[in-house]
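Here are the chains, one letter per residue:
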Protein chains: 2
Amino acid sequence: MDRKWVYFFNEISEVEKYVKGKWDDVKGMLGGKGANLAEMTRIGVPVPPGFTITSEACNTYLSSGEDFPDGMWEQVLKGIKGIEDKSGKKFGDPENPLLVSCRSGAKFSMPGMMDTVLDIGLNDKTAPGMVKLTSNERFVYDSYRRLVQMFGNVVMGVPDELFEEKINEFRIKTGTKIDADFNAKNWKDITKEFKTIIQIQTGSDFPMDPYKQLKMATEAVFKSWNGKRAVDYRNAASISHNLGTAVNIVTMVFGNLGNDCATGVALSRNGSTGENRIEGDYLINAQGEDVVAGTRQTNDISKLKEDMPEAYADFDKIIHKLEKHYKEMQDVEFTIENKKLWMLQTRDGKRTARAAVRIAIEMAEEGLISKEEAVLRITPDNVDSFLHPQFDSNSKAEAKATGSMIAMGLNVSPGAGVGVVAFDADLAESWAKKDGRQVIMVRPETKPDDIHGMLAANGILTSRGGRTSHAALVARQFGKPAVVGVTDIKIDLNKRQMSINGDIIKEGDWISIDGSAGEVYNCKLKTNIPDFMDTWLIKLLSWADEFRRLGIWTNADTPEDAKRARSYGAEGIGLCRTEHMFFEPKRLPFLNKMIMTDLAVERRDALDALLPFQRDDFIGLFKSMNGLPVITRLIDPPLHEFLPNNVDLLHDLTDLKIKLQHAVSLQDFDTILQQIKNKEKILARVDKLHESNPMLGLRGVRLGIQIPELTTMQVRAVFEAACIVKKEGVDVHPEIMIPLTSHFNELKTQRKALETEAKKVMKEQGIEIDYKFGTMIEVPRAALTADQLAEYASFISFGTNDLTQTTFGISRDDAESGFLINYLTKNILTENPFATIDIDGVGKLMEIAVKKAKKVKPDIECGICGEHAGDPKSIEFCHYLGLDYVSCSPFRIPVARLAAAHAALKDKKG
Amino acid sequence: MDRKWVYFFNEISEVEKYVKGKWDDVKGMLGGKGANLAEMTRIGVPVPPGFTITSEACNTYLSSGEDFPDGMWEQVLKGIKGIEDKSGKKFGDPENPLLVSCRSGAKFSMPGMMDTVLDIGLNDKTAPGMVKLTSNERFVYDSYRRLVQMFGNVVMGVPDELFEEKINEFRIKTGTKIDADFNAKNWKDITKEFKTIIQIQTGSDFPMDPYKQLKMATEAVFKSWNGKRAVDYRNAASISHNLGTAVNIVTMVFGNLGNDCATGVALSRNGSTGENRIEGDYLINAQGEDVVAGTRQTNDISKLKEDMPEAYADFDKIIHKLEKHYKEMQDVEFTIENKKLWMLQTRDGKRTARAAVRIAIEMAEEGLISKEEAVLRITPDNVDSFLHPQFDSNSKAEAKATGSMIAMGLNVSPGAGVGVVAFDADLAESWAKKDGRQVIMVRPETKPDDIHGMLAANGILTSRGGRTSHAALVARQFGKPAVVGVTDIKIDLNKRQMSINGDIIKEGDWISIDGSAGEVYNCKLKTNIPDFMDTWLIKLLSWADEFRRLGIWTNADTPEDAKRARSYGAEGIGLCRTEHMFFEPKRLPFLNKMIMTDLAVERRDALDALLPFQRDDFIGLFKSMNGLPVITRLIDPPLHEFLPNNVDLLHDLTDLKIKLQHAVSLQDFDTILQQIKNKEKILARVDKLHESNPMLGLRGVRLGIQIPELTTMQVRAVFEAACIVKKEGVDVHPEIMIPLTSHFNELKTQRKALETEAKKVMKEQGIEIDYKFGTMIEVPRAALTADQLAEYASFISFGTNDLTQTTFGISRDDAESGFLINYLTKNILTENPFATIDIDGVGKLMEIAVKKAKKVKPDIECGICGEHAGDPKSIEFCHYLGLDYVSCSPFRIPVARLAAAHAALKDKKG
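Throughout what follows, the structure given in this document is the object of discussion. Note that this is a predicted model, so its numbers are computed, not measured.

### Considerations on the overall build of chain A
On a plain count of helices and strands, chain A comes out with 37 helices and 33 strands. Along the first, second and third principal axes, the C-alpha set of chain A runs to 110 × 70 × 55 Å. The burial tally for chain A puts 56% of its 910 residues in the buried class. Contacts in chain A between residues at least 24 apart in sequence constitute 69% of all its contacts with a sequence separation of at least 6.

### Concerning the relation of the copies chain B and chain A
Superposition record for chain B on chain A: RMSD 0.5 Å, screw rotation 179 degrees, translation along axis 0.1 Å. On the angle and the small slide along the axis, the relation comes out as a two-fold axis. Take the interface residues of chain B: 100% of them recur as interface residues in chain A, which is what a same-surface contact looks like.

### A word on empty space enclosed by the protein
Residues and elements named next belong to chain A. Under the definition given, this model contains 1 cavity of 30 Å³ or more. The calculated volume of the largest cavity comes to roughly 40 Å³. Lys 89, Pro 97, Leu 98, Leu 99, Met 130, Thr 251, Met 252 and Phe 254 are the residues that line the largest cavity.

### Thoughts on the packing of aromatic side chains
Residue and element names in this part refer to chain A. In the structure shown here, the tally under the stated rule is 47 aromatic pairs over all chains. Each ring, one from Tyr 312 and one from Phe 315, has its centre 6.2 Å from the other, and the planes form 45 degrees; the classification is tilted. Of this pair, Tyr 312 and Phe 315 both sit in helix H13 (residues 309-326), 3 residues apart, which is roughly one turn of the helix. The residues Tyr 312 and Phe 315 share a single accessibility class, namely buried. Through a chain of ring-to-ring contacts, three or more aromatic side chains come together here, namely Tyr 61, Phe 68, Trp 73 and Phe 222. The ring of Phe 170 is capped by Lys 173, whose NZ or CZ atom sits 4.2 Å from the centre of that ring. Taking NZ or CZ as reference, Arg 234 lies 3.6 Å from the ring centre of Trp 225, over its face.

### With respect to the pattern of salt bridges
Summed over the entire model, instances satisfying the criterion amount to 123 salt bridges over all chains. The salt bridge partner of Asp 24 of chain B is Lys 107 of chain B, with a shortest N-O separation of 2.9 Å. Of this pair, Asp 24 of chain B sits in helix H2 (residues 23-42) while Lys 107 of chain B sits in the loop between strand S3 (100-106) and strand S4 (116-120), and the two are 83 residues apart along the sequence. In this structure Asp 24 of chain B comes out as partly exposed when scored by relative accessible area, which is 41%. Residue classification places Lys 107 of chain B among the buried positions, given a relative accessible area of 16%. A single salt-bridge network, built from bridges that share partners, covers Arg 615, Arg 716, Glu 720, Glu 757, Lys 760 and Glu 764 of chain A.

### Brief notes about the environment of Glu 791 of chain B
Residues and elements named next belong to chain B. Tracing the sequence through the fold places Glu 791 in the loop between helix H31 (786-790) and strand S29 (795-798). Owing to a relative accessible area of 52%, Glu 791 belongs among the exposed residues under this scheme. Between the C-alpha atoms of Glu 791 and Lys 27, which are 764 residues apart in sequence, the distance is 56 Å. Beyond its immediate stretch of four places on either side in the chain, Glu 791 contacts Val 856 and Lys 857.

### Regarding helix H9 (residues 210-224) of chain B
Residue and element names in this part refer to chain B. Between its terminal C-alpha atoms H9 stretches 21 Å, which fits the 21 Å expected from 15 residues at 1.5 Å a residue. The set of residues buried in H9 consists of Pro 210, Gln 213, Leu 214, Ala 217, Thr 218, Ala 220, Val 221, Phe 222 and Ser 224. Backbone nitrogen of Tyr 211 and a side-chain oxygen of the N-cap are separated by 2.9 Å at the start of H9; the cap is Asp 209.

### Digging into the packing of helix H22 (residues 559-568) of chain B against helix H24 (residues 600-624) of chain B
Two quantities define a packed helix pair, namely the angle between the helix axes and the distance between the axes. Residue and element names in this part refer to chain B. At a minimum axis distance of 8 Å, the contact between H22 and H24 shows a crossing angle of 10 degrees. The orientation of H22 relative to H24 falls into the category roughly parallel. Where H22 abuts H24, its residues Pro 559, Ala 562, Lys 563 and Arg 566 lie against Asp 617, Gly 620, Leu 621 and Ser 624.

### Examining the packing of helix H28 (residues 708-727) of chain B against helix H29 (residues 744-765) of chain B
Residues and elements named next belong to chain B. Here H28 crosses H29 at 35 degrees, and the two axes come no closer than 9 Å. As for how H28 packs across H29, the hand of that crossing is right-handed. Here Thr 711, Thr 712, Val 715, Arg 716, Phe 719, Glu 720, Cys 723 and Lys 727 of H28 lie close against H29, whose contacting residues are Gln 750, Leu 754, Glu 757, Ala 758, Lys 760, Val 761, Met 762, Glu 764 and Gln 765. By residue class, the composition of the contact of H28 with H29 is 7 nonpolar, 4 polar and 6 charged.

### With respect to the side chain of Thr 806 of chain B
Position of Thr 806 of chain B relative to the elements: it lies in helix H32 (residues 800-808). At 3.4 Å, the side chain of Thr 806 of chain B and the backbone oxygen of Glu 778 of chain B are in polar contact. Apart from the residues within four sequence positions on either side, Thr 806 of chain B is in contact with Pro 780, Thr 806 and Gly 809 of chain A together with Met 695, Leu 696, Glu 778, Val 779 and Pro 780 of chain B.

### What about the sheet that holds S3 of chain B?
All names here are of chain B. If you walk across this open sheet you meet the 5 strands as S1-S2-S5-S3-S4, and the pairing is antiparallel. Sheet topology places strand S1 (6-8) and S4 at the edges, where each strand pairs with a single neighbour. Averaged over all neighbouring strand pairs, the angle between strand axes comes to 20 degrees, with direction disregarded. Sheet analysis places S1 next to strand S2 (residues 50-53), joined by 3 bridges and oriented antiparallel. Bridge assignment links Val 6 to a residue of S2, and that residue is Ile 53. The strands that helix H4 (residues 72-87) touches are S1, S2 and strand S5 (245-251); relative to S1, the one it contacts most, it runs at about 15 degrees.

### Things to note about the interface of chain B and chain A
Facing 56 residues of chain B, the contacting portion of chain A comprises 57 residues. Between chain B and chain A, the buried area comes to about 4700 Å², and carbon and sulfur atoms account for 57% of it. Summed over the three residues of chain B that lose the most area to chain A, namely Leu 696, Arg 781 and Ile 828 of chain B, the buried surface amounts to 13% of that side. The tally of links between chain B and chain A comes to 2 salt bridges. Close ionic contact of Arg 781 of chain B with Asp 838 of chain A constitutes a salt bridge, the shortest N to O distance being 2.6 Å. Counting across the interface, chain B meets chain A through 32 residue pairs in polar contact (both at pLDDT 80 or more). Elements with a contribution of two residues or more to the side of chain B that touches chain A: helix H25 (646-661), helix H27 (701-706), H29, helix H30 (780-784), H32, helix H33 (812-816), helix H34 (819-825) and helix H35 (839-856) of chain B. The dominant element in the side of chain B that touches chain A, judged by the number of residues it contributes, is H25 of chain B, at 8 residues. Each residue belonging to the side of chain B that touches chain A can be placed in one class, and the counts come to 20 nonpolar, 22 polar and 14 charged.

### Thoughts on the nonpolar core
Phe 719 and Phe 798 of chain A together with Phe 719, Phe 798, Met 846 and Leu 883 of chain B are the most contacted members of the largest nonpolar core, which has 226 residues in total. When near neighbours in sequence (up to four residues on either side) are disregarded, Met 846 of chain B contacts Phe 798, Thr 800, Leu 803, Ile 837, Ile 864, Phe 877, Leu 881 and Leu 883 of chain B.

### As for the pairing of strand S18 (residues 459-462) of chain A
A regular strand carries its side chains on alternate faces of the sheet. Residues and elements named next belong to chain A. Residues Gly 459 and Leu 461 point to one face of S18 and Ile 460 and Thr 462 to the other, with burial holding for every one of them. Of the pairings in the sheet, the one linking strand S17 (residues 439-443) to S18 comprises 4 bridges and is parallel in character. Following the sheet pairing, Met 441 is matched in S18 by Ile 460. Across 2 bridges, the pairing between S18 and strand S19 (residues 482-484) is parallel. Among the inter-strand pairings, Ile 460 is bridged to a residue of S19, identified as Ala 482.

The rules behind these values
- Residues numbered from 1 in each chain as written.
- Chains lettered and ligands numbered in written order.
- Predicted model: local features only at pLDDT ≥ 70, side-chain atom pairs only at ≥ 80, totals over all residues.
- Heavy atoms only, no water.
- Helix = DSSP H or I, 4+ residues; strand = E, 2+ residues; numbered from the N terminus.
- Buried < 20%, exposed > 50% of the residue type's maximum accessible area, 1.4 Å probe, protein only.
- Contact = heavy atoms within 4.5 Å.
- Least-squares fit on C-alpha atoms with pLDDT ≥ 70 in both.
- 1 Å grid on protein atoms, 1.4 Å probe; cavity = no way out; pocket = protein on both sides within 12 Å on 5 of 7 lines; lining within 4 Å.
- Points joined across faces, edges and corners; volume = space filled by probe spheres on them.
- Phe/Tyr/Trp six-rings, centres within 6.5 Å; stacked < 30°, edge-to-face > 60°.
- Lys NZ or Arg CZ within 6 Å of the ring centre and 35° of its normal.
- Salt bridge = Lys/Arg side-chain N within 4 Å of Asp/Glu carboxyl O.
- Expected span 1.5 Å × (residues − 1).
- Polar contact = N/O pair within 3.5 Å; in protein donor to acceptor, adjacent residues only side chain to side chain.
- Axes fitted to C-alpha atoms, helices over the stretch in contact; angles between N-to-C directions.
- Parallel < 35°, antiparallel > 145°, perpendicular 65-115°, else oblique.
- Left-handed = near helix turned anticlockwise from the far one by under 90°.
- Nonpolar A, V, L, I, M, F, W, Y, C, P; charged D, E, K, R; others polar.
- Pairing = 2+ DSSP bridges.
- Buried area = accessible area lost by both parts, 1.4 Å probe.
- Core = buried A, V, L, I, M, F, W, Y, C linked by side-chain atoms within 4.5 Å.

Structure follows, in C-alpha cells:
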C-alpha cells in the first residue's frame, strides 16, 4: 500500500496510531490547525468537510526538489471526492460548485508568515453557478476577484501592488470611495483586468481548471515554508526549520450570504480577567476578516443569543464542550451559513498572567483539572509579571482605540517602558543620567558598545534582530523591557527620526513599549505596579506550597525586608549580609577607623562602638522572624570596599595640588596642605589594602582569621540580640555562616573561636540559645572537600554567584558588561550562568558537595543563597539535588514558591 | 616474667622479635646509638661490653612521676654483672675497677641536646686502683674530676660556672696557663674542692657508691628528655615529644693510656667528593674529645697504617664490613686501648649532595646496592642543591679553621647567602634596591610586615623560630637562604648590633649564612655556582630515565631556553608563552597600536607587522627542538598588561598638570598640553580595558574569540615557521594550545577558526605538517567537563597555577605576600598550594579531568605545564594520575627527571 499523505478530518485515530498516540506528534503531522479540526470532527463538533495533507508530504516535497511524493496527488483527488460526497457539491461543477480553501498549518503558530488561498474552485463557469445558488452576484464576483488576486500574488508571484493599483484605477474611474461600494459589475470587470495582469506578468493564464488551481495552491503553501519571511520568523522565534507545514483543504462556508448568516471569534473565558464568561465578537452577514479588521462595529457575543437563539445555543454548547474536551480556555472562529453553525478553528486561548491564574484555579475548582495541573499551568513568568510595572489597561485600550499602537515586534523582555526616543547610546545615557529624562533607546540593532545607553534607558526598541539578538539578551539580562525586530520601523539616523507605517517620530518624542506583548505606542501610556498580593495568586501559591518539598527562605538585611519577605511566604532568612549594616552613615566612620588604625586598642574601640548597632539590627531581625531560622553571614567583602578608591583619591590629590599652586594666603596654603596630607594617609592605606584581584583576595573567612576581633564582635552582637529577644519571649534560631571557606582548617579555627564567644555571651546572659554554625560553599575547593567541611559545619549554603565566578574563572562585574554578552550572542553559552545555574560545571560541584557532606553528616542542612535561588530552572535543579531550601530576594519568593512546586510535581511524574 | 627493660648489646634479636623485625622500631626501642652498638656486636665488630635501657623505660619513668618501672633496676644490676663477667673487671672494686659511661641515645639524633655522664665507677677507693692499673696518676685524677664536675652539673644541678671558676682560681694559684699543664696533684686538689662545692650548693655529698652514681646518672638522662633545650630542639626540628630516650651503659675504654693507644673518627668514603677512600682523623694517646675539639693537630687516618699497622688493618676491615653491612657510607668513632681496637659508634655518614650522587653510583657499580636503590637514595633536594650557589669549599674550610664560623642554627632554606647585616625590613629593602648592596636581613623573628625586606635580601637570619616559623616559610617560598633559631645570637636593636658568643657584629658588617648547613660566618665567603652538568649527576639522571614513565618537557619561550632545556634532558616543549615574544622593544609598539586602535584595518596592519617576528621566533624554537613536540600557547594575558597602569598614568598626569601651571612660554605650554592629551588618550584606553579582577577577565581563549585576528596571526606564524623549517629538513611537531577554556564551545569555535587558518597556510606552502590542537585545563569547569572538551582537543595540559587560584578562590599575587603566609604559619594550610599541588582539591579536579577525558578519547595526550611540574611531590602525584609528561622550567628538569623516577619506583614497590 502507498504511504498515506492525506487524512480526512475524521481519520485522526489513524494518525494517532501512526505516531503512537502522542498529541504533540499528531500536531507535528497535521499542523496545529489541522489537528484541531480533526479533533473537533472526532468529538462531533460541526466542522466543514475537509482533509489535511501532512507536513511529511511537505518535507518530502521540499527535499526531493519540489516533486509531490508518490501517491500524494491521487490521495488529494480522493480527498476532494470525499468532500464532494459529504457536501453534496462537486468541484468544478457549474451547477453546484464546491469551493475549498487551501490553508497552511504548521506545528507551531507562525501568524501571517505563510500562505493561504481561499475560494479555490471558482472560475468563469462555476461563478455563474454560485450566483444562482446564493442569489448574491456581488458576493460571488468579489470572491472571484479575491481568488484571482490572492492566487496571482501567492501562487504565481505577481506583486500585489499591481492588483491594488488596478482597484485604485477603478475607484477613480467609477468615483467609488471604498471597496464596499463596488457593485457586482465592477468586481467582474476588475477580475478580468486581474487576469490580464497575470497574463502579462507571468506569460501564463490564470488557471480555469479547479484541480490545477488546487495543485498550484498546494505547492505554493509547501514552498512558503521556506519563504524568507517564514525563515526569518523561525530564526527569531527559535522554531526548528525542519518541521514543514501541513496543508488543510476545507470546504468554504460563508457568513455573508444573508441575514441568517454570521461570523465571529470568541474566547471561552475572559482573556484579561479570567472570568468564566464567553467573550467575543460577531457580525451578521459578514466574512471573518471583517470581524478582525475592525472596519465595522462588531457585536458582543452575548447579543447573538437574541439575534440567532438556536445557533447561539449550539455555539454555547460547543464552546463549552471544546473547553471541557481540551481542559483549556479556547479561542474559536465560527461561521453561521444559513443558520447552520460551523466551527472553523479552535485553539488554546491567549490570556494575561492574571487571567491565567484565575482560570487555572477556577478550572480546578470546577473539577476540570486537578490542583496539580492548575499549579503546573502557571509559569514562573506569569508570576513574575505580577512584579513588573504593567501598562494601565484603560490607558492601553484607549491608545489602541485611537490608533496609537503603531507597530508590533518580538516580545523579548517583559515589562512596560515609557520614555523619549534616543537614537544612540551616548545620548540615551546623557539624557537619562544628566537630565533625568526617561528614555527609550531605539536602534536598528544594538552592539556591545551600546550597553551604557541600554542600562540608562527605560526600554529598548530595535528594528532588526530576534530573540537571541544582542539587544534581547542584554535587555533580559538587566530586566529592561524590550521589543525587537520591529521591521516596520525605518530609522533615519541623519534626520534623527524614524517612520513607522508612515508615522514620523522624532528623537525626543514620547513612545511606550510593551515588552510582554511586543507592542509599540506613539504616546506616553500610564503604568501601574500591579497588586502583587492578588487573591487568586495567593490561592495559587498556597496550592503550590502543598506540593513543593523545597523550603523558601529569603535574603534580607533589615527587619523591613524580613517582614516583607515573610508576608510573601518566606520560611526563614538564608542570608543576612552583615556588611550592609556597616554602610549606614552613623556606622561607617567607626568601620573606617577600624580599618585605618594600626593600633589594636583603637581597633577594639571602633568595634566596640559598632557592636550596639549590629545588636539592634539583629534584635529587629529576630523579632520579624519569630519562630524561623535566621542565617547571619559574617563580614565578607574586602576592607578596601569601605574606603574611597585610589583613582578617586588620586584625582582629588591632583586637584588639591593644583589648588596649592594658587593658594592666596599662608593660611589657605596650610589648609590645603593638611587636606593633601589627610588624603595621602588614606591613599597609603588604600594602596596597602590594594589587591590585583579583590574577588580572590582578603575577604570572607580570611578576614576573620586575619582580624579575629572583627568576627568575634559580630558573633557577640548576634548572641546578645538572641538572648535579649528570647527573654522577651521570641522564639529565636540564629545560625552563623562563615563565608568563602576553602579549607576545613579555616572553619575549624574560626568556629572554635566564635563558638567560644557565643558560649561566653550565653553564660553572661544566663540563657541558652538554639544555634547552628555553618559555612558557605563558594569556591570549588569547598565543594570538592565538603565531607571535610561537614565535620565542622551544621549547615552548608551554596553561594552560587562566587561559585560560578570561580568555576568558570569569570569575574561577573567585568564579564557581564563585556565578553559574556558576546558569548551569549554567539551561542558559545546558551544561558547566562549568573542567571541560571550551569549544571555541567557549577551544578556538578554542587552535586559532589551535597553527596560528600551528607555522607559524613546525613542530616546536614543544605541550602542556596545566591541569586540563582530565585531562578526557576535553577530551583528545579536544587530540588533534584535534594537541598532543604532556596533563599532568594523577597520579590522572588512568589516565583520561587511556584517553581519549587513545579519541580516537585515534575519529579513525581518522573 | 617481668617486662624486659634492659638489653645487652648481643640481645638485638630479642628486640627484633619484640618489635616484629622492623629496624626503625629497633631504633625506637634502643635509640640510634644503642641499636647500632648492638648491631655491630651481632656482626662481630669489637664493641666495649654494655647494655641499653630502652626508651620505653624512659617513657614509663617520665609518665609515672619519675619512678623506675618495676624490675628495671634489677635488670640494670644484672647488666652490670654481665659486663663484669665479660670485661673481667668489677664495678666498685678498688683492685680492678670497672668504669662505665651512661649515654643518652634517642631514635633521632639531637646533637648536644641531651645528657651524658662518663667515668662512672670512680671514687676515692677505685681511683687509686686505676692508678695502679694504668700507671698514669694524672690521667686518673683528671678523669675523676671530670666525673665529679659532670655529675655535679648534669645530675646534681650545680652551675658549671662554679667549677670553671674554681679551675681558674687554681690556674692563678699555680701559675698554670692551660689545663694540660695541671699535674696529678692539682687535679686531685681540684676534685676535692669540687666535692665541697657540691656539698655547699646541694646539701648532699657527691656519692661514693658507684651504683648510686649509676642510678642517679640514669635518672638524669631520662629527665633530660624533657629538658628545655631538648624540647625546644624537638619543636624546631619537628620531632615527636613522646619517643623518649634510651640509655646506653658502656664499658669505658681509653685512648690515652699511652702510645699504644689512639682515638679517632672516620667516614668510610669522602663526605665532600664521595671518593671511595676512608677519610678521617686520629690522635695517638688522646681522648675522643681532643680529636673533635681541634685543640691538637690531628693526623690523617692514612697515617695510622704506619703508626699501628695491625690496628689499622683491623680498622680498615671493620669499616668496610660496616659499610657492606649497612650498605651505606659509615661515620664511625673508634678507640685503640693498648693496641686493641674498639668501635664506639657507627652511623650513616653525612655528605654533600655531590658526594651523595657519586657514592650512590659507585655503590651500585660495586654491586652493593641496586641501580633502583641508588636512584632512590638521591633526593630531589640533592639534585636541587646543584642548582643553588654554594659556598666555595676552600673558603669555607679556611673560615672554619680561623674561627669565623660563629654559630649554628636550623637549616631551613638551602643556599649560600652573603651580605651586610640589616636589622629591619625597610633598611634591607632600601640598601638592596636603592644602594645595590647585598644584604642579609637579621631579625629576632620575622612578621608579615617584613616581607618586602626579605624579598630584597640575599638571606635571612633569625634568633628565634623553628622549621615552620614565618621566616622559614617565606624563605623557602621565595628561595632565599635562611638560618633560623640561632639562639646564640643576641640582637640589640637600640645599638643596631648583635652579639654572638661574645663576637659583636654591627649593622652593615658582612656575614655569610649557609642555609643548607645552618651555619653562620662573620665574614664574606666566596660562592660558586656549581657545575650543574656534573658527570656523576648526568649518570644518575640517565639511570633515573630508565625507571621513569613520565615524560619531562620544558617551558621555554626562546630558542636559547629550548637549547638549554634540551641539554638538561627535555623531551619536548610543553609551554611556549607567545606573549613573552611581544614584550621586546621592537615589537611592543605594534602591539600597543593594535590595542589602542578602534579601526579594524589598523589592527590588522599592526598584527601583520608582528607576524614576521613571531614566525622567526618559532623557526628558532622548532630548530632547537628538532624531532620533539613544541606546544605553543596562544596569547593569554589581558591586553592592559601591555599598557602602562592607570595609577602611573595618573601620577604622570598630575605632574604634567602642575608643570602646565608653570609653563614659561606659549610653546612650552603647547608641548605640555600635547603630552597631557597623549597621556589622557592612553589613560582612556587603559580605563576602558580596566577590569576589577583581571585574573578572571578578558584573557586566554576569550581574547581569541573577541579579537579573532590576533590568534589567527599567531597560528599563521606557527605554521609558516613549521613549513619553512620542514623544507629545510627539520622534523617539526607543532601543537597549538588554547588557554583558559571553560566551555567546550569556546574550543569548538576557536579550533575551527584556527585550524582553518593552519590548513590555509599549509596549502599556501604546499606542505603537510603533523600538528595537534588542544587546550589548557586552568579553571575548575574545564576539569569538570573534560569529556566535552576532549571532543575538540587532541591534548590537554593542566595549568595548575590558575587552577589552584580558581579552585581555592585565591589570587596568588595578593595572597603570597599576604594572608597565605599567615595561613602557613598557623598551620591552616600545611603546604603552599602554589608550590605543591593541593591533592584534595586541585588534585581531585585533575583526577576527574583525566578520567573524563580518557573516557572519550583514551589516547588523549595529558600533561601539566604549571610551576608544580617542577615540584617532586607534585610530580609524584602526576605519575599516579597517569599523565604523559610534566613540563617545567629548564632548571627544574634534572629534579623532575629524578622525581619522576622516584614516583615510578615507589609505584612499582606499591
